[in-house]
Amino acid sequence: MNYMPGTASLIEDIDKKHLVLLRDGRTLIGILRSIDQFANLVLHQTVERIHVGKKFGDIPRGIFVVRGENVVLLGEVDLDKECDQILQRVSIEEILEEQRMEQQAKLESERLKLQAVKERGLSMPKADTLDDF
């Protein structure tokens, strides 16, 4: 196997199924069709996989162009490996509802934490005032 620097090493992975984790937390699964020197990706037959607890759902997205700076992780999906049945596949509507309820629970938890901090006479800095590092 010859070593190729940078994104050139991914040329061998063209036309294979990949999982891509994005900086915003989304997970995409699709067939890698193209990549350039900036690690920009083109995925074909892409689905966005949403996980909530032990459930997951796939939302079809079609052709997806991903800017390289948004890629956190890129890995080939092993089609020969048997799928573990730990997670339960559910419908798109059900997983979106589960995700909405999880986000509401997080917001409520944050609101209660902020309220408890204020009751103690302390203050929490706003997220937009923190440096992005």
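Nothing here was measured: the structure is a model prediction, and the numbers come from that model. (Residues numbered from 1 in each chain as written. Predicted model: local features only at pLDDT ≥ 70, side-chain atom pairs only at ≥ 80, totals over all residues. Heavy atoms only, no water.)

## As for the pattern of salt bridges
What counts, and what does not: A carboxyl oxygen of Asp or Glu within 4 Å of a side-chain nitrogen of Lys or Arg is what we treat as a salt bridge. Numbering goes from the N terminus for both helices and strands, where a helix is a DSSP run of H or I of at least four residues and a strand is a run of E of at least two. Exposure classes here rest on a 1.4 Å probe applied to the protein chains alone. A residue is buried below 20% of its type maximum, exposed above 50%, and partly exposed in between.
Applying the stated criterion across every chain yields a total of 11 salt bridges. Between Glu-98 and Lys-55 there is a salt bridge, with the nearest N and O atoms lying 3.2 Å from each other. Placement of Glu-98 in helix H1 (residues 92–119) and of Lys-55 in strand E4 (residues 55–66) is noted, with a sequence separation of 43 residues between them. Looking at Glu-98, the relative accessible area reads 21%, which means it is partly exposed. Where Arg-67 meets Glu-69, a salt bridge forms, and the shortest distance between an N and an O atom there is 3.3 Å. Classification of Arg-67 by relative accessible area gives exposed; the value is 53%. Ionic contacts of the salt-bridge type, sharing partners, join the residues Arg-49, Asp-58 and Arg-89 into one network.

## Quick notes on the UniProt feature "coiled-coil region" (unreviewed entry) in the protein
The line we're drawing: UniProt positions are given in the numbering used here, feature names are shortened, and annotations may be inferred rather than shown by experiment.
When the UniProt feature table is mapped onto this chain, "coiled-coil region" (unreviewed entry) is found at residues 93–120. Between the end C-alpha atoms of residues 93–120 there is a gap of 41 Å, over a span that is 96% helix and 0% strand.

## A word on the side chain of Thr-46
Here is the rule: Two N or O atoms count as a polar contact when they lie within 3.5 Å, although within protein this holds only if one can serve as hydrogen donor and the other as acceptor, and sequence-adjacent residues are included solely when both atoms are side-chain atoms.
Structurally, Thr-46 is set in strand E3 (residues 41–52). For Thr-46, a relative accessible area of 1% gives the class buried. At 3.3 Å, the side chain of Thr-46 and the backbone oxygen of Leu-43 are in polar contact.

## Some points on the sheet that holds E3
Our working rule: DSSP-based pairing: two strands are paired if at least 2 bridges between them are found. What makes two residues a contact is simply this: any of their non-hydrogen atoms within 4.5 Å. Only the stretch in contact is used when fitting a helix axis, every axis being a line fitted to C-alpha atoms; angles between N-to-C directions are given from 0 to 180 degrees.
Taken in spatial order, the six strands line up as E5-E1-E2-E3-E4-E6 in an open sheet, and their pairing is mixed. Single-partner strands in this sheet number two, and they are strand E5 (71–76) and strand E6 (88–89). Sheet topology places strand E1 (residues 17–22) next to E5; five bridges connect them, and they run antiparallel. When the bridges of E5 are listed, Leu-21 appears paired with Leu-73. Each of E3 and E4 is contacted by H1, which is oriented at about 100° to E4, the strand it contacts most.

## What to know about H1
For the record, the criterion: By this rule, a helix spans an expected 1.5 Å times one less than how many residues it contains.
A rise of 1.5 Å per residue sets the reference length of H1, with its 28 residues, at 40 Å; its end C-alpha atoms lie 41 Å apart and thus fit the reference within 8%. Positive phi shows up at Gly-121, right after H1, with a value of about 80°.

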